[in-house]
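Working through the structure, step by step
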Amino acid sequence: MPELPEVETVVRGLRLTVLGRRILSVTLRKTDFIDDPSLIELHLPGRRIEAVERYGKFMLLRLSAPQGEENSAIGDNAPAALLVHLGMTGHIASTAVTEPWQKHTHASFALDDGRELRYTDARRFGRLAYLSAELLPAELAPFGADPLEVTADEFATRIRSRHSRIKALLLDQTVLRGVGNIYADESLWRAKIHPAKAGASISKKQAAVLHRALQDVLKKAIVMRGSSIANFVDGEGQPGEYQQHHRAYGREGEKCYRCGTMIRRAIVAGRSSFFCPKCQRGPRGFLAISSTPEKSKRQSAIPNRKKTAKSSGKKTKRAAGNKLRKKRLKKP
DNA sequence: CTTACGGCCTGGGTGC
DNA sequence: TGCACCCAGGCCGTAA
């Protein structure tokens, strides 16, 4: 599941392989994860990829002005961009044209070096969107600070002004852009803060420790080319190695590296959260609740519910979801 | 206004 | 071998 370090790894790979290339043509297969497929087909052919940037978990492929208008483009105008989000299972890489399309390859951009930039995403939780220079700022506006650039003071302010649980705040892309489940848990373990602790209850000192822990974790993960959970590979098909350094995430039932206590898993902010119950002191009453295994909770609470929920038509659901997504995009 | 939570999308992996 | 179920991240609608 690509978070900031994984996306950064992919971005660095793309800079080496597709930067400066001109897009010759576009081929789309399934398009239900693309904002408006016709815009991509209309605007991308002929454009050059002038920059590859990361914005939180998004990638931005900045595009040259349309051919014939290149000289009229004035420097202070932000260029249009292809926005790419990898969701959970997305891959994007420069590929030889002779390489057969993978089962879940849904977009391919022919480049002027004879290769193709291909987007592959089994679950299509990702997103592609063509964004004009005019629409781009509004699209990026809701997102919070970059975790690697945010100062300790600003970080503390953002966290301590909120009553939500710290885990929810770290995952909230309008607070910080780019942190996901893995690096939230890893930084909280390092800072010895329980995921269910309220942001407002975190001291300035603790906030400073967490800020440092988060940046350390992210920087080290980038050096190791990310964490390869669920088959993440970079543009060259190479897995990351940071998963070997996880101290909390995915370690339920294993010993805490600091104190030897068994790492626990609990649902916090709707997500699996891994923590050391001894090093990371929880709010009063939290441990008693979380000590009930999640499985038995669900089984006793909602038996046989899946059947009825699944009986409705898939196509209509997908279409409805897409309409909502497009609606959201049009809002200023 | 804030926050919490259930549900939904998809398909690989798991376990019966 | 088949099949039901779980789970992941992001986001929506609803409720308090």
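Numbering of residues begins from 1 in every chain and follows the order in which that chain's sequence is written. Lettering for chains starts from A, numbering for ligands starts from 1, and both go in the order in which the items are written. Owing to the predicted nature of the model, reporting of local features is limited to residues with pLDDT of at least 70; listing and counting of side-chain atom pairs is limited to 80 or more, with chain, interface and lining totals taken over all residues. To get the side-chain values, take all heavy atoms of the structure and skip hydrogens and water.

Overview of the overall build of chain A
Note the cut-off: For the purposes of this entry, the term helix denotes a DSSP run of H or I that reaches at least four residues, the term strand denotes a run of E that reaches at least two, and both are numbered from the N terminus. Residue exposure (1.4 Å probe, protein chains only): buried if accessible area is under 20% of the type maximum, exposed if over 50%, otherwise partly exposed. Note on contacts: a residue pair is in contact if any heavy atoms of the two residues lie within 4.5 Å. For the accessible areas, the method is Shrake-Rupley and the probe is 1.4 Å, while residue cover comes only from the protein chains on display.
Across its full length, chain A holds 11 helices and 10 strands. A total of 332 residues make up chain A; the buried ones form 45% of that total. The contacts in chain A between residues at least 6 apart in sequence include a share of 63% that link residues at least 24 apart. Summing over all exposed atoms, chain A offers an accessible surface of approximately 17,400 Å²; the carbon and sulfur share of this is 52%.

Points about the pairing of strand β9 (residues 264–268)
Defined as follows: Two strands pair under a simple rule: DSSP has to find at least two bridges between them.
Strand direction decides the pairing type here: β9 and strand β10 (residues 271–275), joined by five bridges, are antiparallel. Bridge pairing in β10 links V268 to R271. Between the end of β9 and the start of β10, which pair antiparallel, lie two residues, with A269 showing a positive phi angle near 55 degrees.

What about the packing of helix α6 (residues 181–191) against helix α7 (residues 204–223)?
The condition that has to hold: To get an axis, fit a line to the C-alpha atoms, keeping to the stretch in contact for a helix; angles then go from 0 to 180 degrees between the N-to-C directions. Should an angle fall under 35 degrees it is taken as roughly parallel, and over 145 as roughly antiparallel, whereas 65 to 115 is taken as roughly perpendicular and any remaining angle as oblique. By convention, the crossing between two helices is left-handed when the near helix turns anticlockwise from the far helix through less than a right angle, and right-handed when the turn is clockwise. Three classes are used, and their members are as follows: Ala, Val, Leu, Ile, Met, Phe, Trp, Tyr, Cys and Pro are nonpolar, Asp, Glu, Lys and Arg are charged, and the others, Gly among them, are polar.
α7 packs onto α6 with a crossing angle of 130 degrees between their chain directions and a minimal axis gap of 8 Å. As judged from the angle between their axes, α6 and α7 are oblique. Taken as a pair, α6 and α7 cross one another with a handedness that is right-handed. Here α6 contributes Y183, E186, S187, L188, R190 and A191 to the contact with α7, which in turn contributes V209, L210, A213, L214, V217, L218 and A221. Its residues placed into classes, the contact of α6 with α7 shows 10 nonpolar, one polar and two charged.

Observations regarding unusual backbone geometry
Of note in this structure, R124 is not a glycine but carries a positive phi near 55 degrees. Summarising the element assignment, R124 is placed in the loop between β7 (115–121) and β8 (127–131). Even without glycine at this site, K192 takes up a positive phi of about 60 degrees. Position of K192 among the secondary structure elements: in the loop between α6 and α7. The exposure class assigned to K192 is partly exposed, which follows from its relative accessible area of 46%.

A word on α7
Since the α-helix packs 3.6 residues into each turn, any two residues three or four apart lie on the same face. How we decide: The length a helix should cover is 1.5 Å for every residue beyond the first.
The end-to-end C-alpha distance of α7 is 29 Å, a good match for the 28 Å that 20 residues give at a rise of 1.5 Å each. Along α7, the positions that sit buried rather than exposed are A207, L210, H211, A213, L214, Q215, V217, L218, A221 and I222. Remark: R225 follows α7 within two positions and exhibits a positive phi of approximately 65 degrees.

Side note on the domain arrangement of chain A
Operational definition: Start and end points for every domain follow an automatic or database-based domain assignment. Buried area is a sum: the accessible area each of two parts loses on coming together, probed at 1.4 Å, counted once for each and added. Each salt bridge in this description consists of a side-chain nitrogen of Lys or Arg and a carboxyl oxygen of Asp or Glu lying within 4 Å of one another. Any pair of N or O atoms that falls within 3.5 Å is considered a polar contact. Within protein, one atom must be able to donate a hydrogen and the other to accept it, and sequence-neighbouring residues count only if both atoms are side-chain atoms.
Domain parsing of chain A yields domain 1 (4–140) and domain 2 (152–246). Tallying the contact residues gives 15 residues for domain 1 and 18 residues for domain 2. Here domain 1 packs against domain 2, burying approximately 1,400 Å² in sum over the two surfaces, 67% of which is carbon and sulfur. For domain 1, the biggest contributors to the area lost against domain 2 are P5, E6 and T9; these three give 36% of the whole. Our count for the domain 1 to domain 2 interface comes out at zero salt bridges. Applying the counting rule to domain 1 against domain 2 returns two residue pairs in polar contact (both at pLDDT 80 or more). Looking at the side of domain 1 that touches domain 2, the elements that each hand over two or more residues are α1 (4–17) and β5 (90–96).

Points about the environment of E241
By secondary structure assignment, the location of E241 is in the loop between α7 and β9. What makes E241 partly exposed here is its relative accessible area of 42%. As for E241 and V7, which are separated by 234 residues in sequence, their C-alpha atoms are 14 Å apart. Excluding its chain neighbours within four sequence positions, the residues that come into contact with E241 are M224 and G226.

Points about the pattern of salt bridges
Tallied over the full model, the rule gives 16 salt bridges. For D112, the salt bridge goes to R21, with nearest N and O atoms at 2.5 Å. With D112 in the loop between β6 (105–111) and β7 and R21 in the loop between α1 and β1 (23–28), this residue pair connects regions lying 91 residues apart in the sequence. Residue R21 is classed as partly exposed on the basis of its relative accessible area of 26%. Here E53 and R62 are joined by a salt bridge, their closest N and O atoms 3.0 Å apart. On the basis of relative accessibility, which here comes to 15%, the residue R62 falls in the buried class. When salt bridges with common partners are traced through the structure, they connect E8, R12, R54 and D146 into a single cluster.

Let's talk about the side chain of R127
Position of R127 among the secondary structure elements: in strand β8. Using a relative accessible area of 7% as the deciding quantity, one classes R127 as buried. For R127, the side chain forms a polar contact with the side chain of E139, separated by 2.8 Å.

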